[in-house]
Amino acid sequence: MTSPAALEARVQAIGRDLFERSRGEAPGVFSSAYWEGQLLAWAMRDPAFKVDLFRFVDAFPMLRTREQVARHVDEMLLREGRELPAAIAAALRATTARLTGGVAQAALRKNVEAMAARFIVGRDARDTLPALRRLHDAGVGFTVDLLGEATLSESEGEAYLARYRDLVENLPSQVAAWPADAVIDRAPRANVSIKLSALDSQLDAVDHAGSVERLLRRALPLFMEGRRRGTFLNVDLEQWATHGIAYDFLERVALAPELRDWPQLGVVVQAYLRDADAIALRLRALARRRGAPITIRLVKGAYWDTETVLADQNGWASPVWRTKAETDACYERLSRALLESHADTPPALGSHNLRSLAHAFAVAEELRVPPDAYEVQMLYGMAEPERAAVRATGRRVRVYAPVGELLPGMAYLVRRLLENTANVGFLRLSHHERVDVAALLAAPALERAAASAPESAQRMRRGDLATPFEGCPPTDFADPPQRAAFAAAVDAALRAAPIDVPVAISGLPPRARETFERACPSDTGRIVSRVSLASAADADAAVAAAARAWPAWRDRPLAARAALLEALADALERDRCELAALQCLEVGKPWREADADVAEAVDFCRYYARRALVELAPRAQGCVLGEENTLSYEGRGVCVVIAPWNFPLAILTGMASAALVAGNTVVMKPAEQSSATAWRLHERMLAAGFPPEVVAFLPGIGEHVGPQLVAHRDVAQIAFTGSQSVGLAIVEAAAKTSPGQAQVRRVVCEMGGKNAIVVDDDADLDEAVVGVLRSAFGYAGQKCSACSRAIVVDAVYDAFIARLAAAAAALPVGAAHSPGTTVGPVVDADAQSRLLRATEAAGARKLFVGAAPSGGWFVPPTILAVDDPRHELMQRELFGPVLAVFRARDFAHALEVATDSPFALTGAVFSRSPAHLDEARRRFRVGNLYLNRGSTGALVGRQPFGGFGMSGIGTKAGGPNYLLQFADPRVVTESTLRRGFVPEEM
């Protein structure tokens, strides 16, 4: 084996040879002779302009009119105070001028399309053949991929499958007549890369097994056809969330009896993944198991920013390496491993980095692996000098050649531009920054990378209330152990049902009561719980017990009360899968949403425990000699907590924990539909150390015990979340003073909304359709923040509604305790007949909509006009989801419609226009406004939640000052002046 020093010397020699071969020529994208080359040159000097430029390019396909183009150029690129080169500034200003705008915009469109064309080989299969032939004539092979970022419906998935089938069936015959090439022809000429996410609109790690099975039903015939036609098929890898699905699918294909000995099969391994080494070992074992090779396309990875941000936002360990040096080192490690097993895993080395390629070539020489046992792959439109240099050494080179229209290709284009202009990108460093060749060819500096990694901030520690709050990470269903744990909890919950739910009042012995049987809403033959129904007498007893316990609880040290919340959080987090699984059965929550509900309950406890020590702690007031002023807060008395069924743990925990830590005793009245989940919370409260006399548990029918609790003279406060009608009735009843009442009742009241999402004419429709779909239907109709109105600007209305209808029809339906279920009919305001036809064409399937008083849980898709009287009936009779879609003349009109409601809970806007987003900030006045994301999913400590108007009283759960709603402030003043003596300040 070659010594490390000798190997490195050979790497340097090969690298310098490749560098010399590519010297003197710049990749076309960096050429100043091209308009985009000048733009990118300036973008690399001005990071802010770079961001705006790429956002403009991303939005450009949606800009249909002269006015739109002019406005976006002005808003994004010609910002006030920005300095630009004279030629660029003049060209951009011409697009906004009245006289020259049309001509200049035509030129701009031509240039943007030329920029896209540099990276996209053609619009369709036939259009690509001339470019592919030119590559072949230059001694370069190809692999064709179809562009597209989001498949939202079954029809879109079928369309992609048909296009892939066309490539697989027809490419071999179309390229067979080309001249022979001894290097290219070592492998099949026809080579197609398949993006699995394009084939199925419902790929989801929650439903891992179902996702793999659906892909097999749809795509396995494609691979069999590939074998018959002599087409090489490669499985692409995308985001981490679906990587497990992709590899399990690949394994099933590789072991299929019809394909087991087929050698023309490949898959991608991304070196930026921390699991890349293990993945490569798995694939080598798979190849040996089937007895035929599996080609491995080794790449660095294209979604580093996305994976890093998502991991940070969710509190997960990052699946990718944190530094480029770690990724480069992993690439070199994997290239050696693949070359060592080249008979089983022939490597396709995907890289433009001459250091990475030189290292692989040197290792191949050391291992005596012949050049025809591997190949190099590069991206179309990039690294032309490097490509030519490698090909000149006699090695096989293949170009990754995307095919598609400008609109779906724009996201791909932006990724390519980001790669070209990245500060650490090899092409930028070598061709634009002119970095010294020795530095470019240096080995990955892992020690320096580790030293330069940012130090992590202080992290939250359980039990230590002095550490900052961090949200409970959601379950990562892409992780097999976590997914298996949740599935096991669901199975256990099914076996454990039904659960007996008692009334729990300190000092009262258990006794027989009338019971309510709660059936699983998505499997009505299964009884989940038998709930004891509290009576009016129980309500009186619960309040009396809580009133007796209140003085001692109020006087318990604040830190001790906060510590109990932290202990409760520990218990809830420990049992999160059990608690979430119960919600799937009891209220029909999908897996991911049930898990999120438990995580939110944990967050409320930890957040309020820490905020209490800040907001409720005594503090000095003023600064005057001879006087001490102390402001403190104390609990108000008995707090009745009335919670809804849709967030059976999170909302009940949030209101109760806030009241308790503020020094109130609590009577918990859960919704009768979710009493079993609430009972599990009460059990853990007691186990965490809350005295039983401090927190009573009173399940029952709201109409029977609710009025008694609200009007009770010894109740100091009511915390309620639920419907507007009940909320307003509580406010009215609480305002009446009873004889002997000691204080004015306070009400914390959160009600619902008619939440709107505005879709602008320049919006990314992939994102907008998904955002509306998930906001309206993704939560089994169980969120007060859910979108009930989509307001779409006229120019994109028809395209939006067609995709939304098809996407809604594709939503999977089934028992909520099964993975991968979701819900909802669509109600359209303008295009009912067209949407009805689209829905019927998709099949007359039943869609899960949530609990109805009639006991029905499944209804057929319903299309109603907003002025149809049945619309209000449906809104009243169903807990949702019901969506009305409106057509707006323009963005200003859309905001008018969105704000024409007495409710003010949540709202969202999808727009790429900075000016329109600013206008939404000013005019779209709701409690929680979301820009370029859906209207649901507020997180404790990040998006404090609550509305005003008729949606609530303006408090913000999970945010600063919420606890003050549950406490009375007191000021104690002491004069410290005694006969002219003032104590010295400490």
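Small disclaimer: the values here were computed from a predicted structure and weren't measured.

Novice: Quick question: what am I supposed to make of the sheet that holds strand β11 (residues 523-532) here?
Specialist: The strands making up a sheet associate through hydrogen bonds between their backbones, and the pairing can be parallel or antiparallel. Read across the sheet, 3 strands follow the order β9-β11-β10 without closing on themselves; strand pairing throughout is mixed. Since the sheet does not close on itself, it has two edges, and those belong to β9 (499-501) and β10 (515-520), each with one partner. Taking the axes of each pair of neighbouring strands and ignoring which way they run, one obtains an average angle of 35 degrees across the sheet. Sheet analysis places β10 next to β11, joined by 6 bridges and oriented antiparallel. By the bridge assignment for β11, Arg 518 is matched with Ser 529.

Novice: Before we go on, may I ask you to explain the pairing of strand β7 (residues 375-379) in this structure?
Specialist: Walk down a regular strand and you will see the side chains alternate between the two sheet faces. Most of β7 is tucked away: 5 of the 5 residues are buried. With burial as the criterion, each face of β7 is covered, one bearing Glu 375, Gln 377 and Leu 379 and the other bearing Val 376 and Met 378. Pairing geometry for strand β6 (residues 347-350) and β7, over 3 bridges, is parallel. Paired with Ala 348 across the two strands is Glu 375, which belongs to β7.

Novice: It is not clear to me how the packing of helix α22 (residues 558-574) against helix α25 (residues 650-661) should be interpreted in this structure. Could you clarify?
Specialist: The geometry of a pair of packed helices is captured by two quantities: the angle between their axes and the separation between those axes. It is the contact of α22 with α25, at a shortest axis distance of 9 Å, that shows an interaxial angle of 155 degrees. Taken together, α22 and α25 sit at an angle that is classed as roughly antiparallel. Across from Leu 558, Arg 561, Ala 562, Leu 565 and Leu 572 in α22, the residues of α25 making contact are Thr 653, Ser 657, Leu 660 and Val 661. When its residues are assigned to classes, the contact of α22 with α25 shows 6 nonpolar, 2 polar and 1 charged.

Novice: Teacher, can you tell me more about the sheet that holds strand β29 (residues 967-975) here?
Specialist: Across the sheet, 3 strands lie side by side as β12-β13-β29; this open sheet has antiparallel pairing. The open sheet has two free edges, formed respectively by β12 (619-620) and β29, since each of these has just one partner strand. Looking at chain direction, β12 and strand β13 (residues 627-635) are connected through 2 bridges and run antiparallel. Bridge assignment links Arg 619 to a residue of β13, and that residue is Leu 631.

Novice: Explain unusual backbone geometry here, please?
Specialist: It is generally the case that most residues other than glycine have a negative phi and that most peptide bonds are trans. For the bond running from Ala 497 to Pro 498, omega is 0 degrees, close enough to zero to count as cis. Residue placement: Pro 498 occurs in the loop between α20 (480-496) and β9. For Arg 368, which is not glycine, the phi torsion reads 60 degrees and is therefore positive. Note on placement: Arg 368 falls in the loop between α14 (354-367) and β7. The phi torsion at Asn 932 lies on the positive side, around 60 degrees, for a residue other than glycine. Residue position: Asn 932 is located in the loop between β27 (928-931) and β28 (948-949). On the basis of relative accessibility, which here comes to 34%, the residue Asn 932 falls in the partly exposed class.

Cut-offs applied
- Residue indices begin from 1 for each chain and proceed along its sequence in written order.
- Local features in a predicted model are, by the rule used here, given only for residues with pLDDT of at least 70; side-chain atom pairs are given and counted only at 80 or more, and totals for whole chains, interfaces and linings are based on all residues.
- Hydrogens are left out, water is left out, and the side-chain values use all remaining heavy atoms of the structure.
- What makes two strands pair is DSSP finding at least two bridges between them.
- Counting from the N terminus, the helices are the DSSP runs of H or I reaching at least four residues and the strands are the DSSP runs of E reaching at least two.
- Geometry is summarised by axes, namely lines fitted to C-alpha atoms with helices restricted to the contacting stretch, and by angles between N-to-C directions that run from 0 to 180 degrees.
- Categorising residues by exposure relies on relative accessible area from a 1.4 Å probe, with only protein chains included: less than 20% of the type maximum marks a residue as buried, more than 50% marks it as exposed, and the intermediate range marks it as partly exposed.
- In this scheme, roughly parallel covers angles under 35 degrees and roughly antiparallel covers those over 145, while 65 to 115 is roughly perpendicular and the rest are oblique.
- Whether two residues touch is decided by their heavy atoms; if any such pair falls within 4.5 Å, the residues are in contact.
- The residue classification treats Ala, Val, Leu, Ile, Met, Phe, Trp, Tyr, Cys and Pro as nonpolar and Asp, Glu, Lys and Arg as charged. All others, Gly included, are polar.

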